[in-house]
Amino acid sequence: MAKNFNSGSFTILVLVLVMASTGILKTKALHGVECPVGSGCLDPSKRVFLDECGPVPFLGTDSDCCTCCKAKYPTPPLCWAVVEGTNPPHCHCYQKAP
């Protein structure tokens with residue numbers, strides 16, 4: 001099989017491996033959840049930070065974060081929830097931008 005790899009295939013393979021190992025493939029666009037669904041906050045420019053919710057570190061998922069935010073804030077203004085940060089992670093609630 002190694003004989004069948006040409007330099008183009010090898011270059012593409014190396015590029016994909018580098019991208020995967022450095023986190024280039026990770027995207028913020030899909031990170032977080034519309035809370036509740038249909039609230040109109042998919043576009044990051046249409047939401048602003050509201051407050052944190054839950055314990056620190058927050059060990060749940062984005063959906064768990066949404067549940068926490070819904071229990072703490074009415075909808076509206078709540079429209080987005082996401083677990084952000086790595087050391088330690090926090091649950092962040094967002095509202096529609098004015």
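So, a few notes on the structure that sits alongside this text. (Residues numbered from 1 in each chain as written. Predicted model: local features only at pLDDT ≥ 70, side-chain atom pairs only at ≥ 80, totals over all residues. Heavy atoms only, no water.)

1. Looking at the overall build of the protein chain
Our working definition: Here a helix means four or more residues in a row that DSSP labels H or I, a strand means two or more in a row labelled E, and each is numbered from the N terminus. For each residue, the accessible area found with a 1.4 Å probe, counting protein chains only, is set against the maximum for its type, and the residue is called buried under 20%, exposed over 50%, and partly exposed in between. Here a residue-residue contact requires only that any non-hydrogen atoms of the pair lie within 4.5 Å.
Tallying secondary structure elements over the protein chain gives two helices and four strands in all. In sequence order, the secondary structure elements of the protein chain are arranged as α-β-β-α-β-β. Evaluated residue by residue, the protein chain yields a buried proportion of 27% over its 98 residues. Within the protein chain, contacts between residues separated by at least 24 positions form 57% of all contacts whose residues are at least 6 apart in sequence.

2. Section: unusual backbone geometry
For the bond running from C35 to P36, omega is 0°, close enough to zero to count as cis. Assignment of secondary structure puts P36 in the loop between strand 1 (33-34) and strand 2 (47-53). The omega torsion across V56 and P57 is 5°, close enough to zero to call that bond cis.

3. Let's talk about the pairing of strand 4 (residues 90-96)
Worth spelling out the cut-off: DSSP bridges decide pairing: two strands pair if at least two such bridges lie between them.
The element strand 4 is extensively covered by neighbouring structure, given that five of its seven residues are classed as buried. Two strands pair when backbone bridges link them, and strand 2 and strand 4 are joined in this way by six bridges, in the antiparallel orientation. In the strand pairing of strand 4, F49 is matched with Y94. In this sheet, strand 4 lies alongside strand 3 (residues 78-84) in antiparallel orientation, the contact comprising six bridges. Looking at the pairing, V82 lines up with H92 of strand 4. The turn joining strand 3 and strand 4, which pair antiparallel and follow one another in sequence, is formed by five residues; a positive phi near 90° is taken by G85.

4. A closer look at the pattern of salt bridges
Our working rule: What makes a salt bridge here is a side-chain nitrogen of Lys or Arg within 4 Å of a carboxyl oxygen of Asp or Glu, nothing more.
Applying the stated rule across the entire model yields one salt bridge. Note that K72 is salt-bridged to D51, the shortest N-O span being 3.6 Å. One end of the pair, K72, is in helix 2 (residues 62-72); the other, D51, is in strand 2, and 21 residues separate them in sequence. Of the residues examined, K72 reaches a relative accessible area of 43% and is grouped as partly exposed.

5. A closer look at the side chain of H90
Under the convention used in this document: Definition of a polar contact: a pair of N or O atoms within 3.5 Å, with one able to donate and the other able to accept a hydrogen when the atoms are protein atoms, and with sequence-neighbouring residues admitted only if both atoms are side-chain atoms.
Its place among the elements puts H90 in strand 4. With a relative accessible area of 18%, H90 lands in the buried category. Of the polar contacts made by the side chain of H90, one reaches the backbone oxygen of P88; its length is 2.9 Å. With residues near it in sequence (within four places) discarded, H90 still touches E52, V56, F58, V82, V83 and E84.

6. What to know about the packing of aromatic side chains
The criterion, for reference: Each aromatic pair joins two rings of Phe, Tyr and Trp (for Trp, the six-membered one) with centres within 6.5 Å, and gets the label stacked for planes under 30 degrees apart, edge-to-face for over 60, and tilted for any other angle. Consider the ring centre and the ring normal. A charge sits over the ring if Lys NZ or Arg CZ is within 6 Å of that centre and within 35 degrees of that normal.
A complete count under the given rule lists one aromatic pair for this structure. Plain terms: the ring middles of F49 and Y94 are 5.8 Å apart, the flat faces sit at 80° to each other, and that makes the pair edge-to-face. Note that F49 is positioned in strand 2 and Y94 in strand 4, a separation of 45 residues in sequence. Given a relative accessible area of 41%, F49 falls into the partly exposed group. In this structure, R47 is placed above the aromatic ring of W80, and the distance from its NZ or CZ to the ring centre is 3.8 Å.

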